[in-house]
Amino acid sequence: MIAPISLILKPTPCHRLERASAALGIDLWIKRDDLTGFAMGGNKGRKLEYLMAEAIAEGADVVVACGSRESNFIRQLGAACAVAGLACVAVVMNQPHEPGYAVPTAPRIGVGNDRLNEIFGVEFEEIPDGPWDDLFEAARLRARHERDAGQRVYEIPIGGSSPLGAYAFFEAADELPICDRVVTATSSGSTHIGLHMAFRDFPTQVTGIACDPEPALLDDLIAVANGLSDLLDQPKVAPDDIDLRREFVGPGYGVPSESGNAAIEWLARTEGILLDPIYSGKAFSGLMEMARSGELAGETVVFWHTGGLPSLFAFR
Ligand SMILES: *Cc1c(COP(=O)(O)O)cnc(C)c1O
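Cut-off values and rules
Residues numbered from 1 in each chain as written. Predicted model: local features only at pLDDT ≥ 70, side-chain atom pairs only at ≥ 80, totals over all residues. Heavy atoms only, no water. Near = heavy atom within 4 Å. Polar contact = N/O pair within 3.5 Å; in protein donor to acceptor, adjacent residues only side chain to side chain. Helix = DSSP H or I, 4+ residues; strand = E, 2+ residues; numbered from the N terminus. Nonpolar A, V, L, I, M, F, W, Y, C, P; charged D, E, K, R; others polar. Contact = heavy atoms within 4.5 Å. Pairing = 2+ DSSP bridges.

(A) Spatial organisation of the site of the ligand. Within the structure, the ligand sits among 16 residues, and K44, K47, S188, T191 and T306 are positioned closest to it. At 2.7 Å, a side-chain N or O of T191 approaches an oxygen atom of the ligand. Sorting the residues of the shell around the ligand by element identifies α2 (44–57), β7 (181–186) and α7 (190–198) as the ones contributing at least two each. A breakdown of the residues in the shell around the ligand according to their chemical character gives two nonpolar, eleven polar and three charged.

(B) Looking closely at the side chain of S280. Relative to the helices and strands, S280 is located in helix α10 (residues 280–292). Here the side chain of S280 touches D276 through a polar contact of 2.6 Å, side chain to side chain. Within the structure, the side chain of S280 is placed 3.4 Å from the backbone oxygen of G307, a separation counted as a polar contact. Ignoring sequence-local partners within four residues, the contact set of S280 consists of A185, L275, F303, H305, T306 and G307.

(C) Spatial organisation of the pairing of strand β2 (residues 27–32). Where strand β1 (residues 14–16) lies against β2, three bridges are found, and the strand directions are antiparallel. Bridge pairing in β2 places H15 opposite I30. Here six bridges tie β2 to strand β10 (residues 300–305), and the two strands are oriented parallel to one another. By the bridge assignment, D27 is partnered in β10 with T300.

What follows is the structure, encoded as C-alpha coordinates:
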(Lines give C-alpha, C1' and ligand atoms only; values in the text may rest on other atoms or scores of the structure.)
Protein backbone atom coordinates (compact mmCIF):
# COMPACT_ATOMS: atom_id res chain seq x y z
CA MET A 1 0.00 0.00 0.00
CA ILE A 2 1.15 3.52 -0.75
CA ALA A 3 2.49 5.34 2.34
CA PRO A 4 0.01 8.02 3.46
CA ILE A 5 0.94 11.64 4.04
CA SER A 6 0.17 13.00 7.50
CA LEU A 7 -2.78 15.36 7.81
CA ILE A 8 -4.76 14.46 10.92
CA LEU A 9 -3.98 13.76 14.57
CA LYS A 10 -4.32 9.99 15.02
CA PRO A 11 -5.66 8.13 16.85
CA THR A 12 -8.71 10.32 17.32
CA PRO A 13 -10.22 10.08 20.82
CA CYS A 14 -12.72 7.35 21.64
CA HIS A 15 -14.57 7.69 24.91
CA ARG A 16 -17.65 6.50 26.75
CA LEU A 17 -20.81 8.62 26.79
CA GLU A 18 -21.84 8.16 30.43
CA ARG A 19 -25.12 10.09 30.42
CA ALA A 20 -26.22 8.95 26.97
CA SER A 21 -25.43 5.34 27.92
CA ALA A 22 -27.61 5.61 31.01
CA ALA A 23 -30.44 7.30 29.10
CA LEU A 24 -30.43 4.86 26.18
CA GLY A 25 -29.76 1.73 28.26
CA ILE A 26 -26.72 0.64 26.27
CA ASP A 27 -22.95 0.87 26.66
CA LEU A 28 -22.32 3.73 24.25
CA TRP A 29 -18.95 5.07 23.11
CA ILE A 30 -18.08 7.70 20.57
CA LYS A 31 -15.18 7.78 18.08
CA ARG A 32 -14.28 11.41 17.59
CA ASP A 33 -13.37 11.88 13.94
CA ASP A 34 -14.92 15.31 14.43
CA LEU A 35 -11.68 15.97 16.33
CA THR A 36 -9.05 15.16 13.72
CA GLY A 37 -7.40 18.51 14.33
CA PHE A 38 -7.46 19.13 10.60
CA ALA A 39 -9.57 21.77 8.83
CA MET A 40 -12.31 21.60 11.49
CA GLY A 41 -12.43 17.82 11.59
CA GLY A 42 -14.36 15.13 9.79
CA ASN A 43 -13.99 11.69 8.27
CA LYS A 44 -12.50 12.88 4.97
CA GLY A 45 -9.10 13.69 6.48
CA ARG A 46 -8.28 9.98 6.79
CA LYS A 47 -9.12 9.27 3.17
CA LEU A 48 -7.14 12.29 2.04
CA GLU A 49 -3.97 11.09 3.73
CA TYR A 50 -3.94 8.29 1.16
CA LEU A 51 -5.49 10.08 -1.80
CA MET A 52 -3.06 12.99 -1.55
CA ALA A 53 -0.14 10.56 -1.30
CA GLU A 54 -1.34 9.00 -4.56
CA ALA A 55 -1.78 12.41 -6.21
CA ILE A 56 1.76 13.39 -5.24
CA ALA A 57 3.16 10.02 -6.40
CA GLU A 58 1.49 10.54 -9.78
CA GLY A 59 3.11 13.97 -10.06
CA ALA A 60 -0.21 15.82 -10.13
CA ASP A 61 -0.37 19.62 -10.35
CA VAL A 62 -4.09 19.96 -9.83
CA VAL A 63 -6.83 17.98 -8.11
CA VAL A 64 -10.28 18.04 -9.70
CA ALA A 65 -13.23 17.07 -7.51
CA CYS A 66 -16.95 17.76 -7.37
CA GLY A 67 -19.69 18.05 -4.80
CA SER A 68 -22.31 20.30 -3.38
CA ARG A 69 -21.11 23.78 -2.56
CA GLU A 70 -21.62 23.07 1.16
CA SER A 71 -19.49 19.90 0.97
CA ASN A 72 -17.50 18.80 4.00
CA PHE A 73 -15.32 16.79 1.65
CA ILE A 74 -14.30 19.76 -0.48
CA ARG A 75 -13.42 21.73 2.65
CA GLN A 76 -11.04 19.01 3.85
CA LEU A 77 -9.74 18.47 0.31
CA GLY A 78 -8.98 22.17 -0.03
CA ALA A 79 -6.91 22.02 3.15
CA ALA A 80 -5.16 18.81 2.02
CA CYS A 81 -4.29 20.34 -1.35
CA ALA A 82 -2.87 23.36 0.45
CA VAL A 83 -0.63 21.08 2.52
CA ALA A 84 0.39 19.04 -0.53
CA GLY A 85 1.05 22.14 -2.63
CA LEU A 86 -1.53 21.24 -5.28
CA ALA A 87 -4.16 23.41 -6.90
CA CYS A 88 -7.71 22.41 -5.96
CA VAL A 89 -10.56 22.75 -8.46
CA ALA A 90 -14.06 21.87 -7.27
CA VAL A 91 -16.97 21.69 -9.69
CA VAL A 92 -20.00 22.47 -7.56
CA MET A 93 -23.75 22.85 -7.59
CA ASN A 94 -25.66 24.51 -4.75
CA GLN A 95 -28.29 21.79 -4.69
CA PRO A 96 -27.38 18.72 -6.77
CA HIS A 97 -30.17 16.17 -6.62
CA GLU A 98 -31.10 12.62 -7.55
CA PRO A 99 -33.93 12.60 -10.13
CA GLY A 100 -37.14 11.42 -8.47
CA TYR A 101 -35.96 12.37 -4.98
CA ALA A 102 -36.15 15.49 -2.83
CA VAL A 103 -33.97 18.45 -3.78
CA PRO A 104 -31.51 19.32 -0.96
CA THR A 105 -32.26 22.31 1.19
CA ALA A 106 -30.52 25.45 -0.10
CA PRO A 107 -27.46 26.12 2.08
CA ARG A 108 -26.70 29.65 3.21
CA ILE A 109 -23.91 31.04 1.06
CA GLY A 110 -20.79 32.63 2.55
CA VAL A 111 -20.95 30.73 5.85
CA GLY A 112 -20.22 27.16 6.92
CA ASN A 113 -18.15 25.10 4.50
CA ASP A 114 -18.68 27.63 1.74
CA ARG A 115 -16.73 30.23 3.70
CA LEU A 116 -14.05 27.72 4.71
CA ASN A 117 -13.56 26.58 1.11
CA GLU A 118 -12.82 30.19 0.25
CA ILE A 119 -10.27 30.45 3.07
CA PHE A 120 -8.53 27.27 1.91
CA GLY A 121 -8.24 28.68 -1.61
CA VAL A 122 -10.47 26.18 -3.40
CA GLU A 123 -11.20 27.25 -6.96
CA PHE A 124 -14.92 26.78 -7.59
CA GLU A 125 -16.45 26.08 -10.96
CA GLU A 126 -20.09 26.72 -10.24
CA ILE A 127 -22.61 25.14 -12.54
CA PRO A 128 -26.41 25.38 -12.51
CA ASP A 129 -28.31 23.01 -10.21
CA GLY A 130 -29.29 19.68 -11.72
CA PRO A 131 -28.87 15.92 -11.29
CA TRP A 132 -25.73 14.46 -9.69
CA ASP A 133 -24.86 12.77 -12.98
CA ASP A 134 -24.59 16.19 -14.65
CA LEU A 135 -22.23 17.26 -11.88
CA PHE A 136 -20.04 14.17 -12.36
CA GLU A 137 -19.98 14.78 -16.12
CA ALA A 138 -19.01 18.44 -15.65
CA ALA A 139 -16.13 17.35 -13.38
CA ARG A 140 -14.86 14.90 -16.02
CA LEU A 141 -15.05 17.67 -18.61
CA ARG A 142 -13.14 20.06 -16.37
CA ALA A 143 -10.45 17.43 -15.81
CA ARG A 144 -10.14 16.97 -19.57
CA HIS A 145 -9.79 20.73 -20.09
CA GLU A 146 -7.05 20.90 -17.45
CA ARG A 147 -5.19 18.06 -19.18
CA ASP A 148 -5.58 19.74 -22.56
CA ALA A 149 -4.00 22.81 -20.99
CA GLY A 150 -0.97 20.72 -20.03
CA GLN A 151 -1.78 20.10 -16.36
CA ARG A 152 -1.27 16.77 -14.62
CA VAL A 153 -4.65 16.07 -13.10
CA TYR A 154 -5.67 13.86 -10.19
CA GLU A 155 -9.40 13.18 -10.28
CA ILE A 156 -11.18 12.35 -7.04
CA PRO A 157 -14.56 10.60 -6.96
CA ILE A 158 -17.42 12.00 -4.90
CA GLY A 159 -16.64 11.99 -1.18
CA GLY A 160 -13.18 10.53 -1.80
CA SER A 161 -14.72 7.06 -2.01
CA SER A 162 -12.14 5.29 -4.13
CA PRO A 163 -10.92 1.89 -2.89
CA LEU A 164 -7.88 3.69 -1.47
CA GLY A 165 -10.17 6.05 0.46
CA ALA A 166 -11.94 3.01 1.91
CA TYR A 167 -8.56 1.52 2.84
CA ALA A 168 -8.01 4.46 5.19
CA PHE A 169 -11.03 3.31 7.19
CA PHE A 170 -10.01 -0.34 6.97
CA GLU A 171 -6.89 0.79 8.78
CA ALA A 172 -8.72 3.17 11.14
CA ALA A 173 -10.63 0.21 12.59
CA ASP A 174 -7.42 -0.62 14.50
CA GLU A 175 -8.05 2.45 16.65
CA LEU A 176 -11.27 1.02 18.11
CA PRO A 177 -11.72 -0.79 21.41
CA ILE A 178 -13.45 -4.19 21.30
CA CYS A 179 -17.18 -3.64 20.76
CA ASP A 180 -20.30 -5.38 19.49
CA ARG A 181 -21.25 -2.77 16.96
CA VAL A 182 -20.07 0.34 15.15
CA VAL A 183 -22.67 2.78 13.85
CA THR A 184 -21.70 5.35 11.22
CA ALA A 185 -23.33 7.71 8.74
CA THR A 186 -23.10 6.42 5.17
CA SER A 187 -23.19 8.40 1.95
CA SER A 188 -20.46 7.85 -0.64
CA GLY A 189 -19.65 4.69 1.29
CA SER A 190 -15.93 4.40 1.96
CA THR A 191 -16.24 4.98 5.71
CA HIS A 192 -18.81 2.22 6.11
CA ILE A 193 -17.11 -0.18 3.68
CA GLY A 194 -13.62 0.27 5.10
CA LEU A 195 -14.91 -0.52 8.58
CA HIS A 196 -17.07 -3.36 7.30
CA MET A 197 -14.11 -5.01 5.61
CA ALA A 198 -11.97 -4.59 8.72
CA PHE A 199 -14.50 -6.49 10.83
CA ARG A 200 -15.74 -9.01 8.28
CA ASP A 201 -14.12 -11.94 10.10
CA PHE A 202 -15.01 -10.65 13.58
CA PRO A 203 -18.26 -10.56 15.54
CA THR A 204 -18.35 -6.74 15.51
CA GLN A 205 -21.29 -5.58 13.39
CA VAL A 206 -20.87 -2.42 11.31
CA THR A 207 -24.18 -0.62 10.76
CA GLY A 208 -24.36 2.22 8.26
CA ILE A 209 -27.16 4.76 8.51
CA ALA A 210 -27.87 5.93 4.97
CA CYS A 211 -27.96 9.69 4.42
CA ASP A 212 -29.08 9.17 0.79
CA PRO A 213 -32.50 7.62 0.19
CA GLU A 214 -31.98 5.93 -3.17
CA PRO A 215 -31.75 2.12 -3.29
CA ALA A 216 -28.79 2.40 -5.71
CA LEU A 217 -26.71 3.49 -2.72
CA LEU A 218 -26.13 -0.21 -2.00
CA ASP A 219 -24.71 -0.68 -5.52
CA ASP A 220 -22.30 2.18 -4.86
CA LEU A 221 -21.23 0.56 -1.59
CA ILE A 222 -20.69 -2.77 -3.33
CA ALA A 223 -18.57 -1.10 -6.01
CA VAL A 224 -16.36 0.45 -3.33
CA ALA A 225 -16.25 -2.88 -1.47
CA ASN A 226 -15.18 -4.79 -4.58
CA GLY A 227 -12.47 -2.25 -5.25
CA LEU A 228 -11.19 -2.60 -1.69
CA SER A 229 -11.37 -6.43 -1.90
CA ASP A 230 -9.13 -6.30 -4.96
CA LEU A 231 -6.75 -3.92 -3.24
CA LEU A 232 -6.53 -6.29 -0.24
CA ASP A 233 -6.59 -9.44 -2.35
CA GLN A 234 -9.64 -10.67 -0.43
CA PRO A 235 -12.89 -12.32 -1.53
CA LYS A 236 -15.69 -10.09 -2.77
CA VAL A 237 -18.39 -8.80 -0.41
CA ALA A 238 -21.99 -10.02 -0.80
CA PRO A 239 -24.64 -7.26 -0.75
CA ASP A 240 -26.53 -9.13 2.00
CA ASP A 241 -23.54 -8.84 4.31
CA ILE A 242 -23.72 -5.05 4.32
CA ASP A 243 -25.87 -3.64 7.10
CA LEU A 244 -27.35 -0.48 5.60
CA ARG A 245 -30.37 1.23 7.20
CA ARG A 246 -32.32 3.49 4.90
CA GLU A 247 -35.17 4.47 7.20
CA PHE A 248 -33.50 7.41 8.93
CA VAL A 249 -32.81 9.70 5.95
CA GLY A 250 -35.94 11.78 6.49
CA PRO A 251 -37.14 13.85 3.52
CA GLY A 252 -34.00 13.23 1.46
CA TYR A 253 -30.28 13.73 1.02
CA GLY A 254 -29.20 17.16 2.14
CA VAL A 255 -32.52 17.92 3.78
CA PRO A 256 -32.29 18.22 7.56
CA SER A 257 -34.82 15.87 9.21
CA GLU A 258 -36.95 16.37 12.29
CA SER A 259 -35.52 13.34 14.06
CA GLY A 260 -31.99 14.28 13.03
CA ASN A 261 -32.44 17.77 14.44
CA ALA A 262 -33.93 16.30 17.61
CA ALA A 263 -30.90 14.00 17.93
CA ILE A 264 -28.55 17.00 17.52
CA GLU A 265 -30.27 18.82 20.37
CA TRP A 266 -30.47 15.70 22.52
CA LEU A 267 -26.76 14.88 22.30
CA ALA A 268 -25.80 18.54 22.71
CA ARG A 269 -27.93 18.79 25.86
CA THR A 270 -26.92 15.39 27.23
CA GLU A 271 -23.20 15.31 26.50
CA GLY A 272 -22.22 18.75 25.17
CA ILE A 273 -21.24 17.18 21.83
CA LEU A 274 -22.35 18.59 18.48
CA LEU A 275 -23.51 16.66 15.41
CA ASP A 276 -24.34 17.93 11.91
CA PRO A 277 -27.77 18.12 10.22
CA ILE A 278 -26.93 16.20 7.00
CA TYR A 279 -24.99 13.13 8.20
CA SER A 280 -24.06 12.55 11.82
CA GLY A 281 -27.30 13.92 13.29
CA LYS A 282 -29.36 11.55 11.16
CA ALA A 283 -27.00 8.67 11.95
CA PHE A 284 -27.31 9.34 15.66
CA SER A 285 -31.10 9.54 15.37
CA GLY A 286 -30.94 6.05 13.84
CA LEU A 287 -28.82 4.82 16.73
CA MET A 288 -31.29 6.28 19.24
CA GLU A 289 -34.19 4.62 17.47
CA MET A 290 -32.37 1.27 17.37
CA ALA A 291 -31.65 1.58 21.10
CA ARG A 292 -35.29 2.40 21.86
CA SER A 293 -36.53 -0.54 19.81
CA GLY A 294 -34.36 -2.88 21.88
CA GLU A 295 -32.17 -3.90 18.95
CA LEU A 296 -29.00 -2.76 20.74
CA ALA A 297 -29.89 -4.32 24.11
CA GLY A 298 -26.80 -5.53 25.99
CA GLU A 299 -24.42 -4.25 23.34
CA THR A 300 -21.30 -2.14 23.54
CA VAL A 301 -21.82 0.30 20.67
CA VAL A 302 -19.38 2.80 19.19
CA PHE A 303 -20.88 5.73 17.32
CA TRP A 304 -18.36 6.85 14.70
CA HIS A 305 -18.68 10.65 14.65
CA THR A 306 -17.88 11.66 11.07
CA GLY A 307 -17.82 15.42 11.72
CA GLY A 308 -19.59 17.91 9.46
CA LEU A 309 -20.02 20.61 12.08
CA PRO A 310 -19.48 23.67 9.83
CA SER A 311 -22.75 22.90 8.07
CA LEU A 312 -24.61 23.59 11.32
CA PHE A 313 -24.19 27.21 10.27
CA ALA A 314 -25.39 26.71 6.71
CA PHE A 315 -28.74 25.10 7.50
CA ARG A 316 -31.48 26.03 9.89
C1 LIG B 1 -18.86 12.55 3.87
C2 LIG B 1 -19.49 12.48 5.19
C3 LIG B 1 -20.12 11.30 5.61
C4 LIG B 1 -20.25 10.09 4.76
O5 LIG B 1 -19.05 9.36 4.66
P6 LIG B 1 -18.84 8.48 3.36
O7 LIG B 1 -17.52 7.83 3.55
O8 LIG B 1 -18.89 9.43 2.20
O9 LIG B 1 -19.97 7.51 3.29
C10 LIG B 1 -20.65 11.27 6.88
N11 LIG B 1 -20.60 12.34 7.67
C12 LIG B 1 -20.02 13.49 7.30
C13 LIG B 1 -20.03 14.62 8.24
C14 LIG B 1 -19.45 13.61 6.04
O15 LIG B 1 -18.88 14.75 5.68
